[in-house]
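What the coordinates show
The primary structure of each chain is shown beneath.
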Amino acid sequence: MLEEKEYLFTEISELLQTFDNTDIKKKLDRYGVEYECVGRGRQIKFHIKNIPDRFKLFCITEWEMPAQIDFRKLRNFLYYFLCDDEFSELPTEEMERQLSDSKAPVSRQTIAKWIEKMHQMGLFDYSKTEFVYYKVSKINDVQTQEYISKEEYCKAWQIYWAEKNKHNDSNIAFMAMYRVLGGVPKKKPKYEWNVFFYKTKVEPMIDLISEDLLIETSMGEGE
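Reading the values: the criteria
- Residues numbered from 1 in each chain as written.
- Predicted model: local features only at pLDDT ≥ 70, side-chain atom pairs only at ≥ 80, totals over all residues.
- Heavy atoms only, no water.
- Pairing = 2+ DSSP bridges.
- Helix = DSSP H or I, 4+ residues; strand = E, 2+ residues; numbered from the N terminus.
- Axes fitted to C-alpha atoms, helices over the stretch in contact; angles between N-to-C directions.
- Contact = heavy atoms within 4.5 Å.
- Salt bridge = Lys/Arg side-chain N within 4 Å of Asp/Glu carboxyl O.
- Buried < 20%, exposed > 50% of the residue type's maximum accessible area, 1.4 Å probe, protein only.

Ordered by their spatial adjacency, three strands build an open sheet running β1-β3-β2, and the pairing between neighbours is antiparallel. Pairing within the sheet leaves two strands with one partner each, and these edge strands are β1 (6-8) and β2 (34-38). Put simply, the sheet's adjacent strands are angled 25° from each other on average, direction ignored. Across three bridges, β1 lies against strand β3 (residues 45-50) in antiparallel orientation. If you follow tyrosine 7 over to β3, its bridge partner there is phenylalanine 46. Against the sheet, helix α1 (residues 9-16) makes contact with β1 and β3, and its axis sits at roughly 90° relative to β1, the strand it touches most.

A separate point is the pattern of salt bridges. Opposite charge on two side chains allows them to pair when their charged atoms are near. This model, assessed by the stated rule, comprises ten salt bridges. One salt bridge in this structure joins glutamate 211 and arginine 54, with 3.0 Å as the shortest N-O distance. Of this pair, glutamate 211 sits in helix α10 (residues 195-221) while arginine 54 sits in helix α3 (residues 54-61), and the two are 157 residues apart along the sequence. Among the ionic pairs, arginine 75 bridges to glutamate 216, the shortest N-O distance being 3.1 Å. Of this pair, arginine 75 sits in helix α4 (residues 71-83) while glutamate 216 sits in helix α10, and the two are 141 residues apart along the sequence. A relative accessible area of 34% places glutamate 216 in the partly exposed class.

Below, the structure is given as structure tokens:
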């Protein structure tokens, strides 16, 4: 993670993944980083004086997020996802609903993309044995999700297959299951976090999000 200190060419080139002084300067300029250079060629030293948006920079350099995304939306989503255990277990549809009332709403498709990005980074894997169970229903064209027990989930499918075998009609079986459960049964695997990456990628991210939120809160209080 880039910090406010002096870097040798080999150090900063490794961090920014470029081995050309001009490209290093362009990246630092694009990130809004204030710096000074001393020397030339591979003997050059970069003195990082100020990083105005540490969260954004960490997202780009450590999480390889594209620089064009809405970082406020990403920050808010990650704050809930990484810090609120109940939020992270929600279906993406419910995550979208809970974020829809905020000043930075996020679509279900974007949420799913960000979660998959974390998975591809190796931050977590999907459990093969632990699941969250819930039912989905629609009342007055409003779709809702509600947690259910594993027993309720299994019972719903028992009803489905019993009706399916009895009538040989999947529609009848589905309606019977829906009527008894009060929704469509679904399940979602829990996350199993990679301990090493959690220490090196996730915990620093949580710290930066908290720092960014505190700055925003203090600015709001000062208005």
